[in-house]
Amino acid sequence: MRSSRTLRAEGLPSKALLAFGVLAAALLYAANATDLRPECASATIIDDADRSMNFQYPGNIEEQFAISSRCDDPDAESSNTNLTFPTWYRFKTQEGLDTFLPMGYFPPIVRCKTHALAYLLSGQQLPTNRETKSMRLCFYWWTSDCLCGERSIQVTHCDHYYVWQSFDPQCCVVAFCYENRTCDPETYWNGTTCASCAPSCGQGFFESQGCNVTHNRVCTACHE
């Protein structure tokens, strides 16, 4: 003989069971989101097209050099930065995809309205598991791999994107610019390449938030 509890569970309408599943998933997602560091939610988004390292003025290198004057040193006489210091920032492309500072290679010079672009030195790994870590950074110029000397920058992992904390570079003409290498919501940046999230969402679910901290897709039950 089946218990009354079993009978009540079997008597629940499918919509009620589905609603319960959706509520449980929502609560789990909310609890997961609260574990993110506060700067993940408060970071200011930078998506200006001219902050991309792909942006360059027309003309030859001498002409571009003459009119490229972006200086992210707030105390410099020639400063024209639109950043504040220290502030957490999140880079996005014009298409809305998350991106980041160049890492592990020399960025081009005289791009992004400046002369020397910031880049993260090779031999480092971006933080994981929602951690914040200090990373080594330089500004690249054709006469110096590390114009103004090596500096450190704070970087936080926010599940499927990263945020970084601005600092006064005390040097000009240099700037923080984002690279055009991006990962779509189906992938995550593993420090070397865009890697696939796994596993995929099962039948009856849809992907609601790209990759999570363990690089699995965040799935939510579909509504009837």
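Residues numbered from 1 in each chain as written. Predicted model: local features only at pLDDT ≥ 70, side-chain atom pairs only at ≥ 80, totals over all residues. Heavy atoms only, no water.

With that out of the way, let us pick up the state of the cysteines. Going through the model one piece at a time under the given rule, you end up with 5 disulfides. With its sulfur 2.0 Å from that of its partner, cysteine 40 forms a disulfide with cysteine 158. Taking the torsion about the sulfur-sulfur bond, which here is approximately -85°, the covalent link between cysteine 40 and cysteine 158 counts as left-handed. Of this pair, cysteine 40 sits in helix 3 (residues 38-42) while cysteine 158 sits in strand 5 (residues 144-158), placing them 118 residues apart in sequence. For cysteine 40, a relative accessible area of 5% translates into the label buried. Assessed through its relative accessible area of 1%, cysteine 158 is described here as buried. The side chain of cysteine 148 participates in a disulfide bridge whose partner is cysteine 171; the two sulfur atoms lie 1.6 Å from each other. Note that cysteine 148 is positioned in strand 5 and cysteine 171 in the loop between strand 6 (161-165) and strand 7 (174-175), a separation of 23 residues in sequence. Here cysteine 148 falls in the partly exposed class, since its relative accessible area comes to 34%. Residue cysteine 171 is classed as buried on the basis of its relative accessible area, which comes to 12%. (Disulfide = S-S within 2.5 Å. Helix = DSSP H or I, 4+ residues; strand = E, 2+ residues; numbered from the N terminus. Buried < 20%, exposed > 50% of the residue type's maximum accessible area, 1.4 Å probe, protein only.)

Tallied over the entire structure, the rule returns 9 salt bridges. Across the salt bridge formed by glutamate 39 and arginine 37, the nearest N and O atoms sit 3.0 Å from each other. Residue arginine 37 is classed as partly exposed on the basis of its relative accessible area, which comes to 36%. As a salt-bridge pair, lysine 92 and aspartate 98 come within 3.5 Å of each other at their nearest N and O atoms. By relative accessible area, aspartate 98 is classed as buried at 15%. (Salt bridge = Lys/Arg side-chain N within 4 Å of Asp/Glu carboxyl O.)

Honestly, it's all geometry; don't read function into it.
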